[in-house]
Each structure stands twice: as C-alpha cells, then as structure tokens.
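Per-entry structural report
So the chains spell out like this:
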Amino acid sequence: MDLYLFDFDQTLYAYDFRRRLPALAELTGSTQYTIASRWWAAGHEKRADAGGYATVEAYLSAWREAVGVELTVEAYQRSRAASITRSESAMDALRHADEIGTAALLSNNNILFRTSLPVLAPDVVEVLGEHRLLVSGELGVMKPAAAIFEQALDRFGAKPSDALFLDDNAANVAGARRLGLSAFLVPSVDGVPDGVAMRRAIDAFAAR
C-alpha cells in the first residue's frame, strides 16, 4: 500500500510565527525580544526539534533556564494554537490519502508539540491515530536528512518508490527525492496551504 507522508506547519495547517511570539510573551510575562534572543536565536528550539530535549520536562526545564521565566504546557499550547490555522482543503487531502493508502505525519517539531497534537490539531489525530504521528524530536533527526525518511519508511514497511512526501520546504522535498521518494512542494494560496493542489499530486502518484 502506498505511503503518504505529510508535513504539518504550512502543509496541513497554516503557520505564522508572528502570532506565536507575542502570545508567548503575554502568557509568560516575558518580552518578545527576550524570548526570541534567548530561545530561538540561541538555538534551543532547533535543538529540541532535533531530539535534544527528549521529554516534555526537559523542554520546559531548558526553557526556564534559558529564558528565565516559567513556561507551562498550557501556555505552550495556547501560544502554538495562536500561530496555526487549519486548511480545510489540506485536511480533505489528508483524509483522501488515508482512504487510498496509509497517511502519516512527518514533521520537524519537538516532543512538546507531539504530545500537544490532540489539543492543537484533534482533526489530524482523528485521521491518523497516535501511532502515525512522527516528529523529529522523537526520531532524533530532522528533515532533510536521509535518516528521518528511512525511519518513516521502516516504521510502515514501505519502499521509497511507494511513498509520496508533501512539504512546503524545498530543501526537505529535495532530501526526500534524493532517497528515492516522490515528493511534492506544497504551495499556498493567500498564506493557506493549497489542499486542492495536494490532492492532485496524491491522485497523480496513486495512478502512476
């Protein structure tokens, strides 16, 4: 059965970091500058996405030490929710892919994002279940490295030639293609992922 691997941010949901940072500042009592410089610019979020903070507790502890204020799971979820907007057409594409094959998430995100998905995107969890939510923070490697695609293929017993990867990042798409997967660069319309284009790509792959 064909395997369809979907990114999350700007693929299934629109993502706007400009909404996330102000929400984090308000919810934690810090400032946008402090958070941006001490957390993102210092490389902590990328480290978390690569599996450097392997548990929720480790992520929150690293945040407290780096930023100097407490971050709760609820504050993380509320700020993350403020930054995303569901694409109805993308969700239709996800459901369609899961009807004709096996669909799964493959996202560069951290462990706290993974455990928060039932709150942030319950519709995605409803389609995929808990066992088809793959994030780099758990796998210990980020796209576009070959190892993350190899882990995903192994998880579902799929060959590269039987997998289609959908992502808005050109480097990630290129990484998948280097390993022999088919890959589709997801476009956006007015900032929202274009699920109609994704569905066309899915149908073209299924009919190969």
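Now for a quick tour of the structure. Quick caveat, the model's predicted, so the values are computed rather than measured. Per chain, residue numbering runs from 1 following the sequence as it is written. With the structure being a predicted model, the display of local features is reserved for residues of pLDDT at least 70 and the display and counting of side-chain atom pairs for 80 or more, all residues being used for whole-chain, interface and lining totals. To get the side-chain values, take all heavy atoms of the structure and skip hydrogens and water.

**Things to note about the environment of A103**
For the record, the criterion: The helix count covers DSSP runs of H or I at least four residues long, the strand count covers runs of E at least two residues long, and both are numbered beginning at the N terminus. Whether two residues touch is decided by their heavy atoms; if any such pair falls within 4.5 Å, the residues are in contact.
Its location among the elements puts A103 in strand 4 (residues 102-107). A sequence separation of 29 residues divides A103 from R132, and the C-alpha atoms of the two residues are 7.6 Å apart. Those residues in contact with A103 that lie beyond four places of it in its chain are Y4, F6, L94, A97, D98, L128 and R132.

**Let's talk about the pattern of salt bridges**
The condition is simple: Criterion for a salt bridge: a side-chain nitrogen of Lys or Arg within 4 Å of a carboxyl oxygen of Asp or Glu. The buried label applies to any residue whose accessible area, calculated with a 1.4 Å probe on protein chains only, is under 20% of its type's maximum; exposed applies above 50%, and partly exposed to all values in between.
Taken as a whole and assessed by the stated rule, the structure comprises 16 salt bridges. Salt-bridge contacts for R80 lead to D9; the nearest nitrogen and oxygen are separated by 2.8 Å. Taken together, the positions of R80 in helix 5 (residues 73-82) and D9 in the loop between strand 1 (3-6) and strand 2 (13-15) put the pair 71 residues apart, joining distant regions of the chain. Taking relative accessible area as the criterion, R80 reaches 1% and is therefore assigned buried. With its nearest N and O atoms 3.0 Å apart, the salt bridge here joins E88 to R86. Among the charged side chains, a salt-bridge network with shared partners connects D2, K159, D162 and R208.

**What to know about the pairing of strand 4**
We apply this condition: When DSSP finds two or more bridges between a pair of strands, those strands are recorded as paired.
Strand 4 sits mainly inside the fold: 5 of its 6 residues count as buried. Here strand 1 runs beside strand 4; their pairing, made up of 4 bridges, is parallel. Residue L3 lies in a different strand from strand 4, and its bridge partner there is T102. The sheet contact formed by strand 4 and strand 5 (residues 133-135) spans 3 bridges and is parallel.

**What about the packing of aromatic side chains?**
Stated precisely, the cut-off is as follows: A pair of aromatic rings is counted whenever rings of Phe, Tyr or Trp (Trp by its six-membered ring) have centres within 6.5 Å, and the orientation is called stacked for planes under 30 degrees apart, edge-to-face for over 60 and tilted otherwise.
One pass over the full model with this rule turns up 9 aromatic pairs. Between the aromatic rings of F17 and W40, the centroid separation amounts to 5.0 Å while the plane-to-plane angle is 70°, which identifies the pairing as edge-to-face. Of the two residues, F17 sits in helix 1 (residues 17-28) while W40 sits in helix 2 (residues 32-40), which places them 23 residues apart along the sequence. Since its relative accessible area comes to 29%, F17 is described here as partly exposed. On the basis of relative accessibility, which here comes to 23%, the residue W40 falls in the partly exposed class.

Read these as spatial facts, not as claims about activity.
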